[in-house]
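In case you want the letters, here they are:
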Amino acid sequence: MIPAKFDYLAPTSVEDALRALAEHGDDAKILGGGQSLLPVLRMRLNAPELVIDLGRIDSLRGVREDGDALVIGAMTTHSEMITDELVREHALLLSKAAAEVADNQIRHRGTFGGSCAHADPAGDMGSAALAMDAEFVIAGPGGTRSVPAKEFFVDLFETAIGEDEILTEIRVPKKTGWGAHYEKFVRVAHQWPIVAVAATVNASGGTISEARVALTNMGSTPLRATATESALAGAAATEDGVRPAAEQAADGTNPPSDLNGDSDYRKHLATVLARRAVLKAAGE
Amino acid sequence: MTKISMRVDQENVTDDVEPRMLLVQYLREKLGKTGTVIGCDTSNCGACTVHLNGRSVKSCNVLAVQADGATVDTIERLADDDGTLHPVQQAFRECHGLQCGFCTPGMIMQAVDLLNENPNPTEQEVRVGLEGNLCRCTGYHNIVKSVLYAAQLKQGVTTTEGANA
Amino acid sequence: MTVVDAAPEARPEIGRDRRRKEDQRLITGRTRWTDNITLPGMLHLAMVRSPYAHAKILSIDVEAADKSLNIYEVFTGKDLGDSQGVNANAWPITPEQITPNHLPMPTDRVVFAGEIVAVVAARTAAEARDAAELVDVEYEVLPAVLDLKEAAEDKVLAHPDLGTNKSAFWQLDSAGQGTGRAIDEVIDEARADGIVIEREYRQQRLIPAFMEPRSVVVDPTGEQITMWSATQIPHIIRFLLAATTGVPESKIRVIAPDVGGGFGGKLQTTPEEWITWTVARRIGKPCKYTETRSESLVSAHHGRDQWQKLTLAATKEGRVTGLKVDLLADLGAYVGVVGGGVPVLGAWMFNSIYKWDAYQFNCTTLLTNKTWVDAYRGAGRPEATYAIERMMDELAAELGQDPLEVRERNWIKHEEFPFTTVAGMTYDSGNYEAATAKAKEMFGYDALRAEQKERRDRGDRVQLGIGISTFTEMCGLAPSRVLGSLNYGAGGWEHATVRMLPTGKVEVITGTSAHGQGHETAFSQIVADRLGVPFEDVEILHGDTQVSHKGLDTYGSRSLVVGGEALVLAADKVIEKAKPLAAHLLEANVDDLEFSNGRYSVRGTDQGMLISEVALATFAAHNYPEGMEPGIDAESTYDPVNFSFPHGTHLCAAEIDTETGQVKLRKYTCVDDIGNIINPLIVAGQVHGGLVQGIAQALWEEAVYDDSGTLVSGSFVDYLLPTAADTINFDIGHTTSPSTTNTLGTKGVGEAGTIASTPAVVNAIVDAVRHLGINDIQMPCTPERVWKAIHTSSPKGDATEAAAMPHFDESEPGQSSTEGAGA
């Protein structure tokens, strides 16, 4: 339906955006690409008094290198993530996951930062960021701070970003040359993932030396499959080599039961998808 | 109210709009461009797809104010001024890629974007490229055919089979 | 005489893959959807809907809403009272049918979540919505009955004042009507010395989900009141508006402009239309209401929703002898315009293409506190075909024989047509052998069976299943007398007028009402051939009751079979009417005239004139025979003599990933016999679209309610429609057994794909994993359901009893009908 009325600001700098936030507090909502916020507004699930559009702030866009990390502007679109050469070379998993978000049209508008800040447990980019040990750079009235992914995702639709803060960029430690794959399980193409697994591996000569594996929609936040990661160290990049590790992917999780699957089924899926994701990543 | 200016279908327009007005509503209600339609309220169906600064977007998922300063192209100006249809439009007609026509504007605009980015797609690439557009009438078979045929039309390669394959 | 351009090309139009006339405007955005309409002073309506499935309306406080910006007025059910008319049921299936009174906006009690309790009229749609959010309704929540089997027990009543949830009981009994033996005898014989297979199947609730949300505009300011509506049935709406709101029929004009799909879902008289009508008349200004998709999913009628108990009796050699069907059909909270009859339409179809000794169909229609249910593509016949085609596979499994062989043994042979079935229907023509042989070959049946075996022997992670559906359906609704005998509230005729314009163009008015089917093109082809005029010169008009004053609209695959026949008869009348004038102008004897290719010629000479010239002559009327009216326009009202019976053989190959339960379609081949084909391109499109909807029922779609009666699949996020990325290409073929009951020999194709495909897919899925001890997976066959079936079944042994009950234990209600895809 038609959203409720709201006022609108399109600041051209982070400082202006922060000022507006400081003034309006929780009556304001940040607008990134809008692909998550607009559906919420249209269903009147949320009715902010003010929408602050980050779309005119150029400093929030773009991908650059900073030593052993990539720095990705929060307003970088999924589309840009798919093709950006730096991302593909140093953080391939992010590119792979971005390619799986929703559909083409939504990828042209939706942003990496926006998706993470929205923190839908079924969101694809959160798991990919978690698997990459990303650090979220948050600007506030007191300055800038950096929050590691493990602490960034607090609960469903809740992150470490304070009411008066804005996510400006995401620092991603380089994993140059690592293979990556995002295995998403859906019933129809445009669906939110029932379960998905983000995997990136350092493999050569048929052996995996290191792996990072994160799970989508297996809890209220993206989760790292740490048991699987440990068990993959030194594993052969074959079905039999990966299976034992993948079987631990759901350990410690308590996934939701809903229309698309109950908890047991989701746990089972996680192990299957983890195996497939790791194998495909190793095959890259 | 917020003042916005944009270039829509090659014409400059300026209006005062409520920030909450969606781009698709702006097109339909303020500009009378009813060729672009609304099919759902969760940005699943893609019937509202237009091009914003040259890329396909779901116009129900963009605020009109976000498009301030942008170029918007809709189905209504896809054909040439002299009426010559865009290859994608020609192909949809040739291959019977539409029935009721409601999803068609969005489907065509997305197909145009798909072919702009990937001029020679495989069938699978076409299918995945259209995953953001729902159709209830055609079962997609002929839509996919239309896009593949359009790719050939664009490249100047036409097959004798045409739409009868 | 003027010289007119050369006669049209000799190539016949019928059978030609003409590109559609409709397309030019549709591909350029030059469309006329109802929501486009803007009239001076028009107000926008927003609905306030109940969140509760069953509740008393204690109070409605409109004060805050009324004070909102640019609000014109707010109305409740009490404000509108009787002036709002009723949404009537036009088909009580029995004289005793219990039919709740359906006020568009109830005054005291809501009976499904989403029912309208107040309406706001404002200057803009946004303001109407804002105000609607301020309407404060106080409810007293009542117990709701949601589960279909529980509804049958009458413990909680959907409408307490009716005293029961049972709306009607309808039976077709072959012994009773003299078309077969007594079913119980036949079943007992089989129990003693044959095979008896008993299964229970769930036809889940679906949502038609046409792409264009419904919209209605009412302009009360003209001499006649005009309603534009995204509807399939402008004529029926006009009639029922007159009948239920007291406005004289001649003061009512209903227009269906461009309509974006219907599939039976827009075959309805809706509260939204009736409320908009009433409010517009009350206020005296044009009013528009356009629904959101969420509103559409919850308030536009749903489809299917049955529990089916089936008993199949056969000899031990595998010849079927008896079929007993017991249906519980969920009507939802009200009986729709034809809702009560939809399950009954399947009564003649469970027996399908097979020969039986006995048959009995029993159907109980029930009310629940959910969205009402009515026609959805196939309307009763997909449910029937699903059941019988699943059962035939069960029989084949029991016998350990190839499912195609078992079917062939039992079906009506080509030489036996016309054949009167155990249900009493006479199928005019058909050739199941030819369709099946062709399908098998196109499909590569033998190779796929071989691959299936290899995978099975290897214990492959991905198993292959082959599903079959050999079906017939009854369409071309319908012979009016038959409808009368069924208590249907209208006839099944169709009307056409052919007007020969003086400049040579032909204007055809049809009472059908296309919403994507390409009538403008196909009908032009028919008329062009019949009259011998150029295809481009024919203009098909439809959808406006002031233009097409008479018609019964489009549904039930009737437009070509019935509407097309009316066209032909009208065109033939034109040709006859023009003869005396042509003879007169040619100074010849009427008996010496021949008509062919648009031209009247005098036998044995090269003298002649085009029919368009005759038309021009009637315009001038300077020279015409005494006693003749100067006009050659003609009309026809055609009442079909029988239903038509297209048939087909559908073969589906599906891969099951046994690790995840994911189903992937590998190949789908169908050979449909729909009689003579007018436009093969349009036919293929109808088949493709129908297939995907049927496949979607098998794999993806279900309308799911939670325990409080809220539709949880209430948006496209959760009500899963497939995309191009989820579907495959289809191999379509045809055989042709022309209908013997209409001139063009056509049989209708609009619903066939949907009717056939669902069991083809489910049979394929079950076939893939049957060796693991599975004989059923409830639809939609979600990955979770498939995976659970695989991992909780007992391999080998007990193959016929695994997932369903061996006999019907009345004390065991079985699976809940509200269990969603998670079950």
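From a predicted model like this one, the values you see are computed outputs, not experimental measurements.

What counts, and at which threshold
Residues numbered from 1 in each chain as written. Chains lettered and ligands numbered in written order. Predicted model: local features only at pLDDT ≥ 70, side-chain atom pairs only at ≥ 80, totals over all residues. Heavy atoms only, no water. Axes fitted to C-alpha atoms, helices over the stretch in contact; angles between N-to-C directions. Helix = DSSP H or I, 4+ residues; strand = E, 2+ residues; numbered from the N terminus. Parallel < 35°, antiparallel > 145°, perpendicular 65-115°, else oblique. Left-handed = near helix turned anticlockwise from the far one by under 90°. Contact = heavy atoms within 4.5 Å. Nonpolar A, V, L, I, M, F, W, Y, C, P; charged D, E, K, R; others polar. Salt bridge = Lys/Arg side-chain N within 4 Å of Asp/Glu carboxyl O. Polar contact = N/O pair within 3.5 Å; in protein donor to acceptor, adjacent residues only side chain to side chain. Domains from an automatic or database assignment. Pairing = 2+ DSSP bridges. 1 Å grid on protein atoms, 1.4 Å probe; cavity = no way out; pocket = protein on both sides within 12 Å on 5 of 7 lines; lining within 4 Å. Points joined across faces, edges and corners; volume = space filled by probe spheres on them. Buried < 20%, exposed > 50% of the residue type's maximum accessible area, 1.4 Å probe, protein only. Buried area = accessible area lost by both parts, 1.4 Å probe. Expected span 1.5 Å × (residues − 1).

Enquirer: Please provide a residue-by-residue account of the packing of helix H11 (residues 381-399) of chain C against helix H12 (residues 403-410) of chain C, values included.
Expert: All names here are of chain C. Packing of H11 against H12 leaves a shortest axis separation of 9 Å and a crossing angle of 110°. In terms of orientation, H11 lies roughly perpendicular with respect to H12. Regarding H11 and H12, the two cross each other, and that crossing is right-handed. In contact with Glu389, Met392, Asp393, Leu395, Ala396 and Leu399 of H11, H12 contributes Pro403, Val406, Arg407, Arg409 and Asn410. Residues belonging to the contact of H11 with H12 are distributed by class as follows: six nonpolar, one polar and four charged.

Enquirer: Run through the interface of chain B and chain C, naming residues and quoting values.
Expert: Across the contact, 44 residues belong to chain B and 53 residues belong to chain C. One can count four salt bridges joining chain B with chain C. The closest approach of N and O atoms between C:Asp130 and B:Arg20, which form a salt bridge, is 2.6 Å. Taken together, the connections running from chain B to chain C amount to 27 residue pairs in polar contact (both at pLDDT 80 or more). Ranked by residues supplied to the side of chain B that touches chain C, first place goes to helix H2 (residues 87-94) of chain B with four residues. When its residues are assigned to classes, the side of chain B that touches chain C shows 19 nonpolar, 15 polar and ten charged.

Enquirer: Describe the domain arrangement of chain B, listing the residues and the values that go with them.
Expert: Residues and elements named next belong to chain B. Structurally, chain B comprises domain 1 (2-77) and domain 2 (87-164). For domain 1 versus domain 2, the separation of C-alpha centres amounts to 23 Å. Taken together, the links from domain 1 to domain 2 amount to two salt bridges. One salt bridge in this structure joins arginine 55 and aspartate 113, with 3.3 Å as the shortest N-O distance. The interface formed by domain 1 and domain 2 holds eight residue pairs in polar contact (both at pLDDT 80 or more) in total. Secondary structure elements with two or more residues in the side of domain 1 that touches domain 2: strand S3 (49-52) and strand S4 (55-58).

Enquirer: If you had to explain the sheet that holds strand S1 (residues 43-49) of chain C to someone new, which residues and values would you point to?
Expert: Residues and elements named next belong to chain C. Taken together, the seven strands give an open sheet; going across it, the order is S3-S5-S1-S12-S9-S10-S11, and neighbouring strands pair in mixed fashion. At either end of the open sheet lies a strand with only one pairing partner, and these are strand S3 (71-76) and strand S11 (252-255). Neighbour-to-neighbour, the strand axes of this sheet turn through a mean angle of 20°, independent of strand direction. Inspection of the sheet shows strand S10 (residues 225-229) paired to S11 by four bridges, in the parallel sense. Bridge pairing links isoleucine 225 to isoleucine 252 in S11. With respect to the sheet, helix H4 (residues 125-132) is in contact with S1, S3 and strand S5 (116-122), its orientation differing from that of S1 by roughly 25°.

Enquirer: Report on empty space enclosed by the protein, specifying residues and quantitative values.
Expert: Residue and element names in this part refer to chain C. Throughout the structure, instances matching the rule amount to twelve cavities of 30 Å³ or more. When its volume is computed, the largest cavity comes out at roughly 670 Å³. Along the wall of the largest cavity there are 47 residues; nearest its centre are Gln517, Thr554, Ser557, Gln686 and Gly750. Elements supplying a minimum of two residues to the lining of the largest cavity: helix H16 (519-531), helix H17 (559-586) and helix H19 (680-699). Grouping the amino acids of the lining of the largest cavity by side-chain chemistry returns 23 nonpolar, 20 polar and four charged.

Enquirer: Hey, could you go over the environment of C:Asp529 for me, with residue numbers and the actual values?
Expert: Residue and element names in this part refer to chain C. Within the element layout of this structure, aspartate 529 appears in helix H16. Looking at aspartate 529, the relative accessible area reads 28%, which means it is partly exposed. Spatially, the C-alpha atom of aspartate 529 lies 9.7 Å from that of valine 568, the residues being 39 residues apart in sequence. A polar side-chain atom of aspartate 529 sits 2.7 Å from the main-chain amide nitrogen of glutamate 13.

Enquirer: Tell me about the interface of chain A and chain B, and name the residues and values.
Expert: Taken together, the contact pairs 31 residues of chain A with 33 residues of chain B. Both faces considered, chain A and chain B share a buried interface measuring about 2600 Å² in area, 50% of it formed by carbon and sulfur atoms. A per-residue breakdown of the area chain A buries against chain B is headed by A:Arg42, A:Gln105 and A:Arg109, which together make up 26% of the total. At the surface where chain A touches chain B, the tally comes to three salt bridges. Among the ionic pairs, B:Glu18 bridges to A:Lys5, the shortest N-O distance being 3.7 Å. Inspection of the chain A/chain B interface yields 14 residue pairs in polar contact (both at pLDDT 80 or more). If you list the elements that add at least two residues to the side of chain A that touches chain B, you get strand S1 (7-9), helix H2 (37-42) and helix H6 (104-109) of chain A. The element that contributes the greatest number of residues to the side of chain A that touches chain B is H6(A), accounting for six residues. For the side of chain A that touches chain B, the residue count by class is 13 nonpolar, nine polar and nine charged.

Enquirer: An account of the sheet that holds strand S12 (residues 195-204) of chain A is needed here, citing residue identities and associated values.
Expert: All names here are of chain A. In spatial order, the strands read S11-S12-S13-S14; together these four strands make up an open sheet with antiparallel pairing. At either margin of the open sheet sits one strand with a lone partner, and together these are strand S11 (179-185) and strand S14 (223-224). Where S12 and strand S13 (residues 207-216) come together, nine bridges link them in antiparallel fashion. Along S13, the bridge assignment pairs valine 197 with leucine 215. Strand contacts of helix H8 (residues 124-131): S11, S12, S13 and S14, with the helix running at about 145° to S13, the strand carrying the most contacts. Of the strands in this sheet, S11, S12 and S13 are in contact with helix H12 (residues 263-282), which crosses S12 at around 30°.

Enquirer: So, helix H9 (residues 271-283) of chain C: which residues are in play, and what are the values?
Expert: Residue and element names in this part refer to chain C. Between its first and last C-alpha atoms H9 spans 18 Å; for 13 residues at 1.5 Å apiece the expected length is 18 Å, and the two agree. Counted residue by residue, H9 has eleven buried out of 13 residues, so it is predominantly covered. Here H9 has its buried residues at Pro271, Glu272, Glu273, Trp274, Ile275, Thr276, Trp277, Thr278, Val279, Ala280 and Ile283. Two residues or fewer after H9 comes glycine 284, characterised by a positive phi angle close to 85°.

Enquirer: How would you summarise the pattern of salt bridges if you had to cite specific residues and measurements?
Expert: Taken as a whole and judged by the stated rule, the model has 95 salt bridges over all chains. Ionic pairing is found between C:Glu185 and C:Arg181, a salt bridge with its closest N-O pair at 3.5 Å. In this structure, the salt-bridge partner of C:Arg181 is C:Glu189, at a minimum N-O distance of 2.6 Å. When its relative accessible area of 32% is taken as the criterion, C:Arg181 is described as partly exposed. What emerges from the salt-bridge pattern is a single network uniting A:Glu239, A:Asp240, A:Arg243, A:Arg275, A:Arg276, C:Arg461, C:Asp657 and C:Glu659.

Enquirer: I'd like to hear about unusual backbone geometry, residue by residue, with values.
Expert: Looking along the chain, the bond that leaves C:Phe417 and enters C:Pro418 is cis, with omega of -5°. Within the secondary structure, C:Pro418 sits in the loop between H12 and strand S16 (419-420). Geometrically, the link from C:Met779 to C:Pro780 is a cis peptide bond, its omega value of -10° lying close to zero. When you line up the elements, C:Pro780 lands in the loop between helix H20 (752-769) and helix H21 (783-792). Even without being a glycine, B:Asn53 presents a positive backbone phi close to 50°. Using a relative accessible area of 53% as the deciding quantity, one classes B:Asn53 as exposed. One non-glycine residue with positive phi stands out, namely C:Ala379, at about 35°.

Enquirer: Lay out the side chain of C:Asp305 with the relevant residues and their values.
Expert: On the secondary structure map, C:Asp305 appears in strand S13 (residues 303-315). When residues no more than four places from it in sequence are discounted, the contact partners of C:Asp305 are C:Leu148, C:Arg202, C:Gln203, C:Gln204, C:Arg205, C:Leu328, C:Ala329, C:Asp330 and C:Lys370.

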